[in-house]
Amino acid sequence: MREVRFAGFGGQGIIRSGIIIGAAASLHDERFATLTQSFGPEARGGACSAQVVVSDERVLYPYITKPDILVAMSQEAYAKYEEELKDNGLLVYDADLVHPKKRKVKKKEFSIPATRFAEELGNRIIANVVMLGFFTAVTDVVSKEAMKKAIPSFVPSRFIDLNMKAFDKGYDYGKEGQKS
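Please read these numbers as outputs of a predicted model, since none were measured by experiment. (Residues numbered from 1 in each chain as written. Predicted model: local features only at pLDDT ≥ 70, side-chain atom pairs only at ≥ 80, totals over all residues. Heavy atoms only, no water.)

### Re the overall build of the protein chain
Rules: Only DSSP runs of H or I with at least four residues qualify as helices, and only runs of E with at least two residues qualify as strands; both kinds are numbered from the N terminus onward. Note that the radius of gyration is over C-alpha atoms, with the globule rule given as 2.2 Å times the number of residues to the power 0.38. Each residue gets one of three labels from its accessible area relative to the maximum for its type: buried under 20%, exposed over 50%, partly exposed in between, using a 1.4 Å probe on protein chains only. For every accessible area listed, the method is Shrake-Rupley and the probe measures 1.4 Å; residues are considered covered only by the protein chains on display. Counted as positive: Lys and Arg. Counted as negative: Asp and Glu. His and the chain ends are not counted at all. By convention, the charge on Lys lies at NZ, on Arg at CZ, on Asp at CG and on Glu at CD.
On a plain count of helices and strands, the protein chain comes out with six helices and six strands. Its C-alpha radius of gyration of 15 Å places the protein chain within 12% of the 16 Å reference for a compact globule of 180 residues. Seen through its C-alpha atoms, the protein chain measures out along the principal axes to roughly 40 × 40 × 35 Å. Relative to its full complement of 180 residues, the protein chain shows a buried share of 49%. Carbon and sulfur atoms form 50% of the exposed surface of the protein chain, whose accessible area is close to 9200 Å². Across the protein chain, the 26 positively charged side chains and the 23 negatively charged ones have centroids separated by 2 Å.

Structure follows, in structure tokens:
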């Protein structure tokens, strides 16, 4: 079982990212997944997070207790949730938006300039999909194939190609980083 928290601010596609991971795992990887979400009273700009539990067996408790993986898309989200990350957990973050502090507790860290890559692709709103590609490359939570099947169901049809390019950009960046 893997517990994942995606966190950032409203408008970054944080909740949608959790939905896509859950759908990819449950519909295309034949696993079980639950999603819970939290967000502030502001629709955009406020803190929000999506909590996803993915397992090979039925998920009996849908909430995360201590995440294995934290994906931070804002400094505020990092500051709020980093302490909850399991010892030896995995921190994944946007390199331009989050500046982690050095901690005594060991954890693995992977970063990607997701927002910058999204801007280079033409629209910063797809930064979450760049991050999903990166997340898929550096974790074993869901397969690349499952994610590529799930994404088109959750983006407007006229933006499917752009989102798939964003996913591939993040995925390729993650795989290249693992080679070095």
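### Thoughts on the side chain of Asn163
Stated formally: In the analysis that follows, any N or O atom pair within 3.5 Å is treated as a polar contact, provided that within protein one partner can donate a hydrogen and the other can accept it, and provided that, for residues neighboring in sequence, both atoms belong to side chains. Whether two residues are in contact is decided by their heavy atoms, any of which lying within 4.5 Å being enough.
For Asn163, the position within the fold is in helix H6 (residues 160-179). A distance of 2.7 Å separates the side chain of Asn163 from the backbone oxygen of Phe159, its partner in a polar contact. Among all residues touching Asn163, those that are not within four sequence positions of it are Ile126, Val129, Ile151 and Val155.

### Topic: the packing of aromatic side chains
The test is simple: Stacked, tilted and edge-to-face pairs are distinguished by plane angle, under 30 degrees for stacked and over 60 for edge-to-face with tilted covering the rest, among Phe, Tyr and Trp rings (Trp via its six-membered ring) whose centres lie within 6.5 Å.
Counted under the stated rule, the structure contains five aromatic pairs. Considering the side-chain rings of Phe134 and Tyr173, the 6.0 Å spacing of their centres and the 45 degrees angle between planes classify their relative orientation as tilted. Of the two residues, Phe134 is situated in helix H4 (residues 127-138) and Tyr173 in helix H6; the sequence distance between them amounts to 39 residues. Since its relative accessible area comes to 3%, Phe134 is described here as buried. A relative accessible area of 35% means that Tyr173 is categorised as partly exposed. One aromatic cluster is present, formed by Phe117, Phe134 and Tyr173 through successive ring pairs.

### Concerning the nonpolar core
To be explicit about the condition: Only buried residues count toward a nonpolar core, which is a set of Ala, Val, Leu, Ile, Met, Phe, Trp, Tyr and Cys residues joined through side-chain atoms within 4.5 Å.
By size, the foremost hydrophobic cluster in this structure holds 42 residues, and its most contacted members are Phe6, Ile21, Met131 and Phe135. Ranked by the residues each element gives to this core, the list is headed by H4, at nine residues. Contacts of Met131, omitting those with residues within four sequence positions, involve Phe6, Val71, Ala72, Met73, Val92, Tyr93, Asp94, Ile112 and Ala114. Of all hydrophobic cores here, the second largest spans 10 residues; its members include Leu70, Tyr78, Tyr81 and Val98.

### Considering the pairing of strand E1 (residues 2-9)
Regular strands place their side chains on alternate faces of the sheet. Here is the rule: Pairing between strands is defined by DSSP: at least two bridges between the two strands are required.
Buried residues dominate E1, accounting for six of its eight residues. Two elements, E1 and strand E4 (residues 69-72), share four bridges in a ladder whose sense is parallel. Residue pairing for E4: Phe6 is matched across the bridge by Val71.

### Remarks on unusual backbone geometry
One non-glycine residue, Glu30, lies in positive phi territory at about 55 degrees. Within the fold, Glu30 resides in the loop between helix H1 (14-28) and strand E2 (32-39). Here Asn88, not a glycine, exhibits a phi torsion of approximately 65 degrees, which is positive. By relative accessible area, which is 61% here, Asn88 ends up exposed.

### Let's talk about the packing of helix H3 (residues 114-121) against H4
The test is simple: Orientation is described by axes fitted as lines to C-alpha atoms, over the contacting stretch for helices, and by angles from 0 to 180 degrees between their N-to-C directions. We call two directions roughly parallel when the angle between them is under 35 degrees, roughly antiparallel when it is over 145, roughly perpendicular when it lies between 65 and 115, and oblique otherwise. If you view the pair so one helix is near and one far, a crossing is left-handed when the near helix is turned anticlockwise from the far one by less than a right angle, and right-handed when it is turned clockwise. The residue classification treats Ala, Val, Leu, Ile, Met, Phe, Trp, Tyr, Cys and Pro as nonpolar and Asp, Glu, Lys and Arg as charged. All others, Gly included, are polar.
Packing of H3 against H4 leaves a shortest axis separation of 8 Å and a crossing angle of 120 degrees. Between H3 and H4, the angle falls in the class oblique. Pair H3 / H4 crosses with right-handed handedness. Between H3, through Ala114, Thr115, Phe117, Ala118 and Leu121, and H4, the contact on the second element is made entirely by Ala127, Val130 and Met131. Broken down by class, the residue content of the contact of H3 with H4 amounts to seven nonpolar, one polar and no charged.

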